[in-house]
Amino acid sequence: PPRSTQSSSSAASDVYKRQFQNLLKNTLIFNRCKELSPDLIIISLGTNDAQGTYNAKRFKGEIAAFMDHLSAIQEDAVILFTLPPDSNKRGKHNADLEKVGFEIESWAEKHDYAWWDLSAVMGGKKSISKWRSEGLASKDMIHFSPQGYMLQGKLLYQALMRAYTSYAGADE
């Protein structure tokens, strides 16, 4: 079942089966965005969207509907998409992840949003096996281990700081 936690400075929602289509129905997320009025919203979705039977047309519509709703509430926030990590589906490499990542990247580029390619940062196609062998992914080779999630966060932080430093240095 959906759960959420909120501290005085941030809000996080842990929603079962996180997909664009399911999150669109979760008013809590949109209400929290409206209440908090964040400067940056990081959208890290796509893995679950690629676990079932992937349909590009449906997926594009789900991204558009989700972002239309979010944009109506938070038109001034900077949006950063993280593309899905490499993972498996039914015990084999999940080729649908490349399709999902391509659609998210295309949508973000078309609408002038930033994106960060976690799969590429991991090492690309089939890199989940290496992450598993290093204790960074769980046995299902879909989810990360606690250490893997910590590394993902560190890598995203480092990418954000490099981008900020580059941006700040460009003004000099």
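Higher on the page you've got the structure.
An account of the accompanying structure is given in this report. (Residues numbered from 1 in each chain as written. Predicted model: local features only at pLDDT ≥ 70, side-chain atom pairs only at ≥ 80, totals over all residues. Heavy atoms only, no water.)

### Examining unusual backbone geometry
Now for step 1: Here the phi dihedral of Arg90 falls at roughly 55°; this positive angle occurs in a residue that is not glycine.
Now for step 2: The topology assignment puts Arg90 in the loop between strand 5 (88-89) and strand 6 (92-93). (Helix = DSSP H or I, 4+ residues; strand = E, 2+ residues; numbered from the N terminus.)

### Overview of the packing of helix 3 (residues 56-73) against helix 4 (residues 96-110)
Now for step 1: Contact pair helix 3 / helix 4: the axes reach a minimum separation of 10 Å and the direction vectors enclose 40°. Classed by the angle they form, the pair helix 3 and helix 4 counts as oblique. Crossing hand, helix 3 versus helix 4: right-handed. Of helix 4, the residues touching helix 3 (which contributes Ala56, Phe59, Lys60, Ile63, Ala64 and Met67) are Val100, Glu103, Ile104 and Trp107. (Axes fitted to C-alpha atoms, helices over the stretch in contact; angles between N-to-C directions. Parallel < 35°, antiparallel > 145°, perpendicular 65-115°, else oblique. Left-handed = near helix turned anticlockwise from the far one by under 90°. Contact = heavy atoms within 4.5 Å.)

### Section: the sheet that holds strand 3 (residues 40-44)
Now for step 1: If you trace the three strands from one edge of the open sheet to the other, you get 3-4-7, paired in parallel fashion. The outermost strands of the open sheet, each flanked by one partner alone, are strand 3 and strand 7 (114-117). On average, each strand axis in the sheet is inclined to that of its neighbour by 20°, with strand direction left out of account.
Now for step 2: In this sheet, strand 4 (residues 78-83) lies alongside strand 3 in parallel orientation, the contact comprising five bridges. Pairing of Ile41 across the sheet is with Ile79, part of strand 4.
Now for step 3: Most of the contacts of helix 3 go to strand 3, to which it runs at about 165°, and overall it touches strand 3 and strand 4.
Now for step 4: Running over the sheet, helix 7 (residues 146-170) touches strand 3, strand 4 and strand 7 and is turned about 135° from strand 7. (Pairing = 2+ DSSP bridges.)

### Some words on helix 7
Helical geometry: 3.6 residues make up each α-helical turn, so side chains three or four residues apart lie on a common side.
Now for step 1: With 25 residues, helix 7 should reach 36 Å at 1.5 Å per residue; the first-to-last C-alpha distance of 36 Å fits that figure.
Now for step 2: Those residues of helix 7 that sit buried are Gly148, Gln152, Leu155, Leu156 and Ala159.
Now for step 3: For helix 7, the secondary structure elements touched by its buried residues are strand 3, strand 4, strand 7, helix 5 (118-122) and helix 6 (128-133). (Expected span 1.5 Å × (residues − 1). Buried < 20%, exposed > 50% of the residue type's maximum accessible area, 1.4 Å probe, protein only.)

All quantities given are derived from atomic positions and should not be read as evidence of function.
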